[in-house]
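Structural characterization, general
Single-letter residue listing:
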Amino acid sequence: MSRTAVTNVRVFDGAGLTEPRTVVIDGGTIGTDPAGAGTVDGGGGVLLPGLIDTHIHLHGPENLEQLARHGVTTALDMATFSAELLASLRDRPGLTDIRSAGIPAIGPSGMHARIPGMPAEAVITDPGQAKDFVAARVAAGSDYLKIVLEAPGGGGPELPAARALTDAAHEAGLLVVAHATSAGAYTMGLDAGVDVLTHAPLGAPITADDVARARIVAPTLIMMKGVSATVGQPQLYEGAKASVTALYRAGVPILAGTDANTEPGVPATVEHGVSLHDELELLVDAGLSTVDALRAATALPAKHFGLDDRGAIRPGLRADLVLVDGDPIADIRATRAITRVWCAGTAVTAPAGR
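Residues numbered from 1 in each chain as written. Predicted model: local features only at pLDDT ≥ 70, side-chain atom pairs only at ≥ 80, totals over all residues. Heavy atoms only, no water.

For the structure shown, the criterion picks out 1 aromatic pair. Plain terms: the ring middles of Tyr144 and Phe305 are 5.5 Å apart, the flat faces sit at 75° to each other, and that makes the pair edge-to-face. Taken together, the residues span a long stretch of sequence, with Tyr144 in the loop between α3 (130-139) and β9 (145-148) and Phe305 in the loop between α11 (299-304) and β13 (321-324) at a distance of 161 residues. Judged by relative accessible area, which is 14%, Phe305 ranks as buried. A cation sits over an aromatic face here: Arg137 above Phe133, 4.6 Å from the ring centre. The cationic tip of Lys225 hangs over the ring face of Tyr237; the distance from NZ or CZ to the ring centre is 5.8 Å. (Phe/Tyr/Trp six-rings, centres within 6.5 Å; stacked < 30°, edge-to-face > 60°. Helix = DSSP H or I, 4+ residues; strand = E, 2+ residues; numbered from the N terminus. Buried < 20%, exposed > 50% of the residue type's maximum accessible area, 1.4 Å probe, protein only. Lys NZ or Arg CZ within 6 Å of the ring centre and 35° of its normal.)

Encoded structure:
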């Protein structure tokens, strides 16, 4: 793969923007030696690490193309049932790199039990099923475990099963992500010891006690806003926003995720790629600084999901890069003004642009 020197760019370093400099793409990684490199003039723009969406659902290769065009160079899939589909979408040169939970653990009568195509093996009703379920996910190549929690009695796995799944996953070295769209589900997830809570409840915000106990949260505000609109009660979104404000003020790491999907039967569909930029704006509206919103889509998901080769622009890391025309620290909406994208050093042919 050729070497490219991207000149005259201000680099987002996790705290602010550097003075204009040159960043070398050497094969699939960030290098240091510009000798013999082709040149791309950055025009004084801002070079961001490739963006990471911490909550998507995959349906086909078109999703990777949508994500890459919008600067999302890594995406964490939170439920795809077909192992064959996942295998076909991994490691595609020049497209978004994925990780996946594969089949999630659900209860017998929650909303997810009614999703078309949900495998019967996803249903967990007894703690005794946990070890075998987790072993099957490991054998299938899942990168972490996803548990779909509901409020107690709401049709999801109850607390003993959630604890057993979490313990079995941790024993297997897997991170545990829990779907929690109600305050009661948040409490259950924290009682079970999960690592990451995804979504922010509509309506009543999570309690102060649960804010104090939360470890990592990916609130998917764009999805919660869509659901509140779908049910005709847009005011419910204010509770989700308030939860994010409280979590952020308490120092809980907030990760950018969208729940992008085109799944039949879900409360709201969210477009892949562009929705991450919507999410960043909603996070800023909920109180995050623009720097922390950018970190929520770069350094923090890389850190908390063990993606040690990305999330920043440093020699030796993957050359996942997004060049934007504008200053997203001054105005987070500038992340939309994409002029170039590189996925592991390969230029995306048609970035989304403004």
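Viewed as axis vectors pointing N to C, helix α4 (residues 159-171) and helix α5 (residues 183-192) meet at an angle of 45°, and their least axial separation amounts to 8 Å. When the axis of α4 is compared with that of α5, the two are oblique. Judged by the twist between their axes, the crossing of α4 over α5 is right-handed. In this structure, α4 uses Leu159, Ala162, Arg163 and Thr166 to contact α5, whose residues at the interface are Met188, Asp191 and Ala192. Broken down by class, the residue content of the contact of α4 with α5 amounts to 4 nonpolar, 1 polar and 2 charged. (Axes fitted to C-alpha atoms, helices over the stretch in contact; angles between N-to-C directions. Parallel < 35°, antiparallel > 145°, perpendicular 65-115°, else oblique. Left-handed = near helix turned anticlockwise from the far one by under 90°. Contact = heavy atoms within 4.5 Å. Nonpolar A, V, L, I, M, F, W, Y, C, P; charged D, E, K, R; others polar.)

It is worth spelling out helix α9 (residues 274-285) at this point. Each full turn of the α-helix corresponds to 3.6 residues, which orients residues three or four apart in the same direction. Helix length check: α9, at 12 residues, gives a terminal C-alpha distance of 17 Å against a target of 16 Å (1.5 Å per residue), a fit within 8%. Along α9, the positions that sit buried rather than exposed are Val274, Ser275, Leu276, His277, Glu279, Leu280, Leu282 and Leu283. Those residues of α9 that are buried are in contact with β6 (51-56), β7 (72-77), α7 (221-230), α8 (237-249), α10 (290-296) and β14 (338-343). One or two residues past the end of α9 sits Gly287, with phi positive at roughly 120°. (Expected span 1.5 Å × (residues − 1).)

Moving on, we come to unusual backbone geometry. Most peptide bonds adopt trans geometry, and most residues besides glycine take a negative phi value. Backbone geometry places Asp91, a non-glycine residue, at a positive phi of 55°. Looking at the element boundaries, Asp91 is found in the loop between α2 (83-89) and β8 (97-100). Classification of Asp91 by relative accessible area gives exposed; the value is 65%. The backbone phi angle of Asp259 is positive, close to 65°, even though this residue is not glycine. Within the secondary structure, Asp259 is located in the loop between α8 and α9. Using a relative accessible area of 10% as the deciding quantity, one classes Asp259 as buried.

Here we take up the pattern of salt bridges. For the structure shown, the criterion picks out 17 salt bridges. When the shortest N-O distance is used, the salt bridge between Glu281 and Arg336 registers 2.7 Å. Of this pair, Glu281 sits in helix α9 while Arg336 sits in the loop between β13 and β14, placing them 55 residues apart in sequence. Salt-bridge contacts for Arg310 lead to Asp309; the nearest nitrogen and oxygen are separated by 2.9 Å. A relative accessible area of 6% places Arg310 in the buried class. Salt bridges sharing common partners tie together Asp97, Arg99, Asp309 and Arg310. (Salt bridge = Lys/Arg side-chain N within 4 Å of Asp/Glu carboxyl O.)

What follows concerns the pairing of strand β2 (residues 21-26). Pairing geometry for strand β1 (residues 3-11) and β2, over 5 bridges, is antiparallel. Pairing of Arg3 across the sheet is with Asp26, part of β2. Note: β2 against strand β3 (residues 29-31), 3 bridges, orientation antiparallel. For Val24, the partnering residue across the bridge sits in β3 and is Gly31. What sits between β2 and β3 in their antiparallel hairpin is a turn of 2 residues, with Gly27 showing a positive phi close to 65°. (Pairing = 2+ DSSP bridges.)

With that out of the way, let us pick up the environment of Ala352. Relative to the assigned elements, Ala352 resides in the segment after β15 (346-347). Look at Ala352 and you get partly exposed, because its relative accessible area is 30%. Not counting residues up to four positions away in its chain, the partners in contact with Ala352 are Arg69 and His70.

All we've got here are geometric facts, nothing functional implied.
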